[in-house]
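Residue-level listing of the chains:
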Amino acid sequence: MTAQQPFLSLRNLSVGFGPQGAIRAVRDVSFDLEAGKTLCLVGESGSGKSVTATSIMGLHKPGSAVVTADRLRLDGRDLLSCDEAQLSGLRGSLMAMIFQDPMSSLNPALTIGFQLREALQLHEKVSRKAADARVLEILQWVRIPDAARRMNAYPHQLSGGMRQRIMIAMALICRPRLLIADEPTTALDVTVQAQILWLLSELQREFGTAIIFITHDLGVVAEIADDVAVMYAGTLVERGSVHDIFERPSHGYTAGLLRATAEFVPGEESLGRLEEIPGNVPSFSMLPKGCSFVDRCRFAAPSCHERTPDWRQVAEGHDTRCDQPIDDARAASALRETMI
Amino acid sequence: MTDTSPLLAAENLVRHFPTGKGQIVHAVNDVSLSIAPGETLALVGESGCGKSTLGRMIMALDRPDKGSVRLLGKDLARMGRRELHSARRSVQMIFQDPSASLDPRWSAEAIVREPLDNYRIGTPAERRDRVLYLLEKVGLRPDQAKRFPHELSGGQRQRLGIARALATRPRLIVADEPVSALDVSIRAQVINLLCDLRDEMELSLLFISHDIGVVSHISDRIAVMYLGRIVEEGETATVLNAPQHPYTAGLLESVPRPRPSQRRQRAPLEGDPPSPITLPSGCAFRPRCPIAVDLCSHSVPPLAATVPGRRTACHRAGETTLQETSHV
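Criteria and thresholds
- Residues numbered from 1 in each chain as written.
- Chains lettered and ligands numbered in written order.
- Predicted model: local features only at pLDDT ≥ 70, side-chain atom pairs only at ≥ 80, totals over all residues.
- Heavy atoms only, no water.
- Helix = DSSP H or I, 4+ residues; strand = E, 2+ residues; numbered from the N terminus.
- Rg over C-alpha atoms; globule rule 2.2 N^0.38 Å.
- Buried < 20%, exposed > 50% of the residue type's maximum accessible area, 1.4 Å probe, protein only.
- Contact = heavy atoms within 4.5 Å.
- Buried area = accessible area lost by both parts, 1.4 Å probe.
- Salt bridge = Lys/Arg side-chain N within 4 Å of Asp/Glu carboxyl O.
- Polar contact = N/O pair within 3.5 Å; in protein donor to acceptor, adjacent residues only side chain to side chain.
- Nonpolar A, V, L, I, M, F, W, Y, C, P; charged D, E, K, R; others polar.
- Pairing = 2+ DSSP bridges.
- 1 Å grid on protein atoms, 1.4 Å probe; cavity = no way out; pocket = protein on both sides within 12 Å on 5 of 7 lines; lining within 4 Å.
- Points joined across faces, edges and corners; volume = space filled by probe spheres on them.
- Phe/Tyr/Trp six-rings, centres within 6.5 Å; stacked < 30°, edge-to-face > 60°.
- Lys NZ or Arg CZ within 6 Å of the ring centre and 35° of its normal.
- Domains from an automatic or database assignment.

Colleague: How would you sum up the overall build of chain B? Please name residues and give values.
Modeller: From N to C terminus, chain B includes twelve helices and twelve strands. Over its C-alpha atoms chain B spans a radius of gyration of 21 Å, differing by no more than 12% from the 20 Å that the globule rule assigns to 328 residues. Here the C-alpha coordinates of chain B stretch approximately 65 × 50 × 45 Å along the principal axes. Across the 328 residues in chain B, those meeting the buried criterion constitute 54%. Partitioning the contacts of chain B with sequence separation of at least 6, the portion at a separation of at least 24 is 64%.

Right, dumping it as structure tokens:
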């Protein structure tokens, strides 16, 4: 290897559940993430985003999942060869995760201060007094007003947005270098979502944390991502910089998702009809032969039914898993067809 | 009946719920709105702003503490049981979660047929035909008529909910977040279906949603709610392009746009919406408002016409400073 290794590197990560891992919820997922950058993992429900994330964290119940990969390395460590005790030591200090519903991750019977202190003292030998100081500091970082008093509050006494700030504080208190955020703003109102997204990017600038942000909301992706990886039916179909993905999508699914999103742009006339992606997401037991998206793809060729496409590079840092990648000319002619 | 009279008119609706601890949730505070035949009105706001409670009162599923709902000129509260039963035929509802609003033990066919049986519409043979016609209309295949809700996908279940709502040939459909539980690729299908059916059957639609993108596509008019009150109302394109209320402006600015080259530089609105139990004095938006003045803390701004067809509840509406805070 000539260049320096990426901070996080996945090659052909696959995860199966059930007997012998027969239900393959994630197949051959590969991507890299540089330190201090944000990767958005985009896809619809059941596409395997969360399973990919929990596999990196090693959070599957022992014996419940079969995780295989050619490579799963974080900061030079091979996570696949780590045992549970080693992983447990890394969680919190090197990598941390926040979830959609903070209420289900916080203990309702313990104060915010206690739970944050516990998260810190699990990994670092610090006195009670020093721990309290660190808790207060991180609460101020996540912009909890009146932080000293709030340390004695219970989760139910806080609003949804405040609780998510507490979760972020708990995840960041040991200064992990990787934060995985699984739909952290989906349950929040848009005005509060905007605050949390802004807070995350501010903290990232300050602490240099790499972020994997899982979402189904393309608007959120455009707002925060450096790089984007698009998942469909358990596998990655396209990855590239946020500008490549939004401005030059090359996979039929990515292009379809972008055009199916109802967006409001001030000053622009809204189009009468949204473009649909026909059909439904296939279930894992009934994946079509060849490309998983073939039955819904407007650009599908006969060969797409035959074989699973390999990765191909469409531009520097922009790869697609499609044998008929969209180029501008073809997209333009397809668009004309829909107009008629 | 003339075409100018509204299909539905709600006047000064108030609905408060006791919490059981001697406190009161001010869910809806003095809301008036009307919907013309064939019109789509979008009710927009964040969670807890009272939009669903308002929808339920319009459906006569809940009674207002004060105020009235008139359907085709008749006050729902003054109707007897039988009259209300027949009035409900012309107002139907589509719910957010299709799996929670469809009986899991009934087939698709039985679910769509039930309102026809209930209102004794047509002969049994006619009902059977109507069910098949409706299923086809919403894009379900004939072989799916015998399926149970759990055998259908989320999008198909929502199509079934739409077929059921259409069964009695209603004049008005109240759709409470009908696409927010659906995946993006399915959402577009259901929105297009709703628009097509509305146009074809000349339906009025009260579309309750928090999704500005969806609302900009589907609605003629928009009413923005904040803490139980409508703060701004008007034609959709005008409101979205030139909001007059600072909350509308902040809400629009908060919606993430799928344009990576146009990122925001900061969060547009600070703070959380206050609890509907302890409302702030004066204007409920005052604690978060960037342009609040003294007057706002002791007087509730009335929802007043600013230009024809446009109402805003802000003491500072129409001042130039407000235009500057709204986005370009």
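Text resumes after the structure shown.
Colleague: Give a detailed account of the interface of chain A and chain B, specifying residues and quantitative values.
Modeller: Across the contact, 49 residues belong to chain A and 45 residues belong to chain B. With both chains or domains summed, chain A and chain B bury close to 4000 Å², and 52% of this area falls on carbon and sulfur atoms. For chain A, the biggest contributors to the area lost against chain B are Thr 191, Glu 223 and Phe 264 of chain A; these three give 17% of the whole. Summed over the shared surface of chain A and chain B, the result is two salt bridges. We note a salt bridge from Arg 259 of chain B to Glu 263 of chain A, for which the minimum N-O separation is 3.4 Å. The tally of links between chain A and chain B comes to 19 residue pairs in polar contact (both at pLDDT 80 or more). Of all elements in the fold, only α8 (190–207), α9 (218–224), α10 (242–247) and α11 (252–260) of chain A reach the threshold of two or more residues within the side of chain A that touches chain B. Ranked by the residues each element gives to the side of chain A that touches chain B, the list is headed by α8 of chain A, at eight residues. Grouping the amino acids of the side of chain A that touches chain B by side-chain chemistry returns 24 nonpolar, 14 polar and eleven charged.

Colleague: Describe in detail the sheet that holds strand β1 (residues 8–18) of chain B, supporting the description with residues and values.
Modeller: Across a sheet, paired strands are connected by hydrogen bonds in the backbone, their directions being either parallel or antiparallel. All names here are of chain B. Strand order across the open sheet formed by four strands is β2-β1-β4-β5, with antiparallel pairing between neighbours. Looking at which strands have only one partner, the edges of the open sheet turn out to be β2 (24–35) and β5 (74–75). Here β1 pairs with strand β4 (residues 66–71) via five bridges, running antiparallel. Its bridge partner being in β4, Leu 8 is matched across the sheet by Leu 71.

Colleague: Requested: an account of the environment of Ile 291 of chain B, with residues and values cited.
Modeller: Residues and elements named next belong to chain B. Mapped onto the fold, Ile 291 is located in the loop between α10 (246–254) and α11 (295–298). Looking at Ile 291, the relative accessible area reads 9%, which means it is buried. It is 31 Å that separates the C-alpha atoms of Ile 291 and Ala 10, two residues lying 281 residues apart in sequence.

Colleague: If you had to explain empty space enclosed by the protein to someone new, which residues and values would you point to?
Modeller: Across all of its chains, the model carries six cavities of 30 Å³ or more by this definition. A volume near 80 Å³ is recorded for the largest cavity. Forming the boundary of the largest cavity are Cys 291, Phe 293, Val 294, Cys 297, Phe 299, Ala 300, Cys 304, Arg 307, Pro 309, Cys 322, Asp 323 and Gln 324 of chain A. Its residues placed into classes, the lining of the largest cavity shows nine nonpolar, one polar and two charged. Estimates place the volume of the second largest cavity at around 70 Å³. Along its surface, the second largest cavity is lined by 13 residues, and Pro 246, Cys 283, Cys 289, Cys 296 and Cys 314 of chain B are the ones closest to its centre.

Colleague: Could you give me a rundown of the packing of aromatic side chains, with the residues and numbers involved?
Modeller: Residue and element names in this part refer to chain A. For the coordinates displayed, the defined rule picks out seven aromatic pairs over all chains. Both rings, one in Trp 141 and one in Phe 207, keep their centres 5.4 Å apart while their planes meet at 70°; by these two values the pair is edge-to-face. In this pair, Trp 141 sits in helix α5 (residues 128–141) while Phe 207 sits in helix α8, placing the two residues 66 residues apart along the sequence. Overall, Trp 141 belongs to the partly exposed group, its relative accessible area being 24%. Both rings, one in Tyr 232 and one in Tyr 253, keep their centres 4.5 Å apart while their planes meet at 50°; by these two values the pair is tilted. Taken together, the residues Tyr 232 in strand β10 (residues 227–232) and Tyr 253 in helix α11 connect sequence positions 21 residues apart. In this structure Tyr 253 comes out as buried when scored by relative accessible area, which is 0%. Grouped by ring-pair contacts, the aromatic residues Tyr 232, Tyr 253 and Phe 293 constitute a single cluster. Taking the ring centre of Trp 311 as reference, the NZ or CZ of Arg 239 above it sits at 4.0 Å.

Colleague: Tell me about helix α4 (residues 112–121) of chain A, and please be specific about residues and values.
Modeller: Residues and elements named next belong to chain A. Burial within α4 is extensive, with seven of its ten residues counted as buried. Residues Ile 112, Gly 113, Gln 115, Leu 116, Arg 117, Ala 119 and Leu 120 constitute the buried set of α4. Buried residues along α4 sit in contact with α5, α6 (147–150) and α7 (160–172).

Colleague: So what's going on with the domain arrangement of chain B? Residues and values would help.
Modeller: Residue and element names in this part refer to chain B. According to the domain assignment, chain B consists of domain 1 (8–90 + 170–325) and domain 2 (103–167). For domain 1 versus domain 2, the distance between C-alpha centres works out to 31 Å. Contact with domain 1, which involves 17 residues of that partner, is made by 13 residues of domain 2. Both faces considered, domain 1 and domain 2 share a buried interface measuring about 1300 Å² in area, 70% of it formed by carbon and sulfur atoms. Among the residues domain 1 hides against domain 2, the three largest losses belong to His 85, Arg 89 and Leu 193. Together they make up 33% of the total. Taken together, domain 1 and domain 2 are joined by one salt bridge. Between Lys 137 and Glu 200 there is a salt bridge whose closest N-O contact spans 2.9 Å. Across the contact surface, domain 1 and domain 2 share six residue pairs in polar contact (both at pLDDT 80 or more). Every element with two or more residues in the side of domain 1 that touches domain 2 is listed here: α2 (81–88) and α7 (184–201).

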